[in-house]
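Coordinate inspection notes
Listed here are the chains, written in short residue letters.
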Amino acid sequence: QSRTGFRLRPVCGLLSARDFLNALAFRTFCSTQYIRHGGNPFYTPEPDVCHELIGHVPLLADPHFAEFTQKVGLASLGAPDEAIVRLANIYWFTVEFGLVKNMQP
């Protein structure tokens, strides 16, 4: 929180895209509390606290990434349902899967 103003908010289960994105506008990242089963530590069908802490928290400590994340959240405030779907897809496919810059024209 001291680096970018982002804080974690523990939640039970998955939130709607609107609720998740709206929280980002206020630099709040909603984090699940569930932890993956020890019998299969490399896979979980939904995000768990390991995924949140190892995958998202370091990114939220970067000022540029934090600003991008907040802007996605701000765009979601008062947005119609169709826009929420598009914003959730933008966030999902950039943050969860990443972007690759192709150096070829």
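Each remark here, short or long, concerns the structure printed above.
My aim in this report is to walk through the structure given alongside it, one point at a time. (Residues numbered from 1 in each chain as written. Predicted model: local features only at pLDDT ≥ 70, side-chain atom pairs only at ≥ 80, totals over all residues. Heavy atoms only, no water.)

**A closer look at the nonpolar core**
- One finds F6, F20, L21, L24, F29 and Y91 to be the most contacted residues of the largest nonpolar core, which totals 18 residues.
- At the level of secondary structure, the elements contributing two or more residues to this core comprise α1 (17–25), β2 (28–32), α3 (63–76) and α4 (81–96).
- Ranked by residue count, the leading element in this core is α4, at five residues.
- Aside from chain neighbours lying at most four places away, what touches L24 is F6, F29, T69, Q70, G73 and Y91. (Core = buried A, V, L, I, M, F, W, Y, C linked by side-chain atoms within 4.5 Å. Buried < 20%, exposed > 50% of the residue type's maximum accessible area, 1.4 Å probe, protein only. Helix = DSSP H or I, 4+ residues; strand = E, 2+ residues; numbered from the N terminus. Contact = heavy atoms within 4.5 Å.)

**A closer look at a nonpolar patch on the surface**
- A cluster of nonpolar side chains, L8, L53 and I54, forms an exposed patch at the surface whose accessible area comes to about 300 Å².
- Position of L8 among the secondary structure elements: in strand β1 (residues 7–11).
- With a relative accessible area of 40%, L8 lands in the partly exposed category. (Patch = residues over 30% accessible without salt bridge, like charges linked within 9 Å, V, L, I, M, F, W, Y side chains within 5 Å. Areas by Shrake-Rupley, 256 points an atom, 1.4 Å probe, with all protein chains shown as cover. Salt bridge = Lys/Arg side-chain N within 4 Å of Asp/Glu carboxyl O.)

**Digging into the pairing of β1**
- Pairing of β1 with β2 involves five bridges; the strand directions are parallel. Bridge assignment links R9 to a residue of β2, and that residue is C30.
- Read as a crossover between parallel neighbours, the route from β1 over α1 to β2 is right-handed. (Pairing = 2+ DSSP bridges. Right-handed = clockwise from strand over helix to strand, strands pointing away.)

Remember that the coordinates give geometry; whether it matters functionally is a separate question.
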